[in-house]
Amino acid sequence: MNDDIVCGELQEKLKELRGLFEGLNRDLKLLFVSNLTGAFGDGLYAYLLPVYIQTVLHADPADMGFLYTVLTLSAALTPILGGYLAEKYDWKKIMIFAWILWFPIPVIFSLATDWTMLFPAMFLYGCFISGPSTTAYIASTARKDRINSAFTMISSAWWMGYIFSPGIGGYLAIEIGMKAVFYLALIFYVLATLILFFIRSPKVRKDRRNLRIESSDTRVNRRAIIGWALFFASIMFFNVLMRPFVPTFLRDIYRFNEFWIGVLGSFTFTGSAILGMWIGRIGDKFGNKTAVSLCLVFTAFSLTAFQFTSDLMLLAVIFLFMGTNYTPWALMNATISSLSPESLRGRWVAVSQTASMSAAFFAPYLGGILYEMSPTYPFLATTIGSLILLALLFFYSFYVKFQQKS
């Protein structure tokens with residue numbers, strides 16, 4: 001009898017799992033697996049990289065900040081190039097090329113003998129030319145009634161890859177050395193690239209007549225696209241303002257060591273994956289505004305709550321909800337894609353991604369100033385900012401409904 005109950009529960013769980021992937025066709029499932037594979041490889045060293053640069057390559061904190069500034073600047077500028085490429089070339093080929101650009105990164109890290117040799121690697125690490133093409137590919141391939149869940153599912157593959165790989169990378173670094181970890185990451189990059197060869201290139205018509213029609217549609221939607229791009233850039237600004245200081249707060253105020261900080265980080269990535277997928281399905285059912293509102297509410301709640309308890313069990317739950325501050329990126333891509341005409345989708349996605357990355361470029365500096373004034377100030381600023389943006393979204397929704405009735 002108990003075996004029948006267990007089998008029944010297992011079947012229900014498998015049915016729920018299949019339901020999560022029902023919005024993904026064959027090609028998007030392969031893209032999901034590719035992202036999961038590449039993210040797992042990246043996570044083997046990404047979390048440990050700052051420690052490696054400081055202890056092995058002799059960088060001080062200012063040098064470290066300079067290197068990551070190069071990475072962020074690259075991430076802010078390269079989507080524009082990616083948007084141009086997305087309009088001219090096959091999206092599948094651009095996604096493959098973007099992974100190939102990452103191949104030299106772990107090699108450079110393994111061969112470097114001083115932090116000054118890392119600038120090419122950091123620039124390539126921040127290179128984001130595949131963003132517009134990936135977004136356009138998902139938007140053109142996914143079911144239109146499942147577009148939010150498709151974007152959040154593909155995005156969640158990254159956070160799933162990061163859940164366990166930092167701990168595995170740390171263990172392997174002790175057992176076989178960090179250089180071997182870099183080359184193992186390269187193998188996963190190559191595997192992620194090879195998987196993309198099996199997806200099909202979408203058939204997108206770009207004749208002159210379609211371009212004229214879609215250009216006209218772009219003029220109609222331009223105000224909405226720009227408005228949403230600025231709104232998501234504001235969300236990104238406030239989220240990135242506080243992110244670097246969450247582990248710092250845990251270390252400075254709660255006196256947690258690196259292991260427990262890493263454990264809580266894993267709960268954050270778990271929340272990004274699981275709750276992100278759930279929020280995507282909510283967006284498909286009730287609209288993007290509802291999905292974005294949930295992200296803002298969970299961010300404000302988690303940042304407030306984690307400052308009032310050092311209990312590890314409570315923090316684990318809080319950090320699950322904190323993971324939703326990564327979900328707006330996927331929702332932004334889904335929203336901008338749905339508003340943009342297909343032939344110009346890469347351009348508008350590039351604009352929104354560049355706006356968000358540019359906001360992220362300046363935010364940590366302000367967060368550092370606030371943290372020096374008081375460790376709670378960055379989280380207070382993001383909480384207040386999230387609530388203000390939530391209020392703006394509420395009043396905008398009310399205004400749209402009022403206009404429709406009148």
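Residues numbered from 1 in each chain as written. Predicted model: local features only at pLDDT ≥ 70, side-chain atom pairs only at ≥ 80, totals over all residues. Heavy atoms only, no water.

## Regarding the overall build of the protein chain
1) Next: Of regular secondary structure, the protein chain possesses 18 helices and zero strands.
2) Next: When burial is assessed residue by residue, the protein chain has 50% of its 406 residues classed as buried.
3) Next: Contacts spanning at least 24 positions in sequence make up 84% of the contacts within the protein chain whose residues lie at least 6 apart.
4) Next: Of the roughly 19900 Å² of accessible surface on the protein chain, 68% is carried by carbon and sulfur atoms. (Helix = DSSP H or I, 4+ residues; strand = E, 2+ residues; numbered from the N terminus. Buried < 20%, exposed > 50% of the residue type's maximum accessible area, 1.4 Å probe, protein only. Contact = heavy atoms within 4.5 Å. Areas by Shrake-Rupley, 256 points an atom, 1.4 Å probe, with all protein chains shown as cover.)

## Some details on the packing of helix α9 (residues 147-176) against helix α16 (residues 327-339)
1) Next: Between α9 and α16, whose axes approach to 9 Å, the crossing angle comes to 140°. By the angle between their axes, α9 is oblique relative to α16. In this structure, α9 crosses over α16, and the sense of that crossing is right-handed. Across from I147, N148, F151, T152 and S155 in α9, the residues of α16 making contact are T327, A330, L331, N333, A334 and S337.
2) Next: Split by residue class, the contact of α9 with α16 holds five nonpolar, six polar and no charged. (Axes fitted to C-alpha atoms, helices over the stretch in contact; angles between N-to-C directions. Parallel < 35°, antiparallel > 145°, perpendicular 65-115°, else oblique. Left-handed = near helix turned anticlockwise from the far one by under 90°. Nonpolar A, V, L, I, M, F, W, Y, C, P; charged D, E, K, R; others polar.)

## Quick notes on the layout of surface pockets
One water molecule sets the probe size; rolling that probe over the atoms shows where empty space is left.
1) Next: Taken as a whole, the second largest pocket spans an internal volume of roughly 240 Å³.
2) Next: Counting residues per element, the lining of the second largest pocket draws most heavily on helix α11 (residues 208-242), at five residues.
3) Next: Classifying every residue of the lining of the second largest pocket by side-chain character gives six nonpolar, one polar and one charged. (1 Å grid on protein atoms, 1.4 Å probe; cavity = no way out; pocket = protein on both sides within 12 Å on 5 of 7 lines; lining within 4 Å. Points joined across faces, edges and corners; volume = space filled by probe spheres on them.)

## Looking at the nonpolar core
1) Next: In this structure, L31, Y45, I53, I105, F109, L118 and Y125 are the most contacted members of the largest nonpolar core, which totals 54 residues.
2) Next: Among residues more than four places away in sequence, those in contact with F109 are Y45, L49, Y52, L118, A121, M122, Y125 and F182.
3) Next: Among the nonpolar cores identified, the runner-up in size contains 30 residues, and A76, M236, M332 and A363 belong to it. (Core = buried A, V, L, I, M, F, W, Y, C linked by side-chain atoms within 4.5 Å.)

## A closer look at the environment of K92
1) Next: Here K92 is to be found in helix α5 (residues 91-102).
2) Next: Here K92 falls in the buried class, since its relative accessible area comes to 15%.
3) Next: For the pair K92 and S130, spaced 38 residues apart in sequence, the C-alpha to C-alpha distance is 9.3 Å.
4) Next: Residues contacting K92, with those up to four places away along its chain left out, are L196, F197, I199 and S201.

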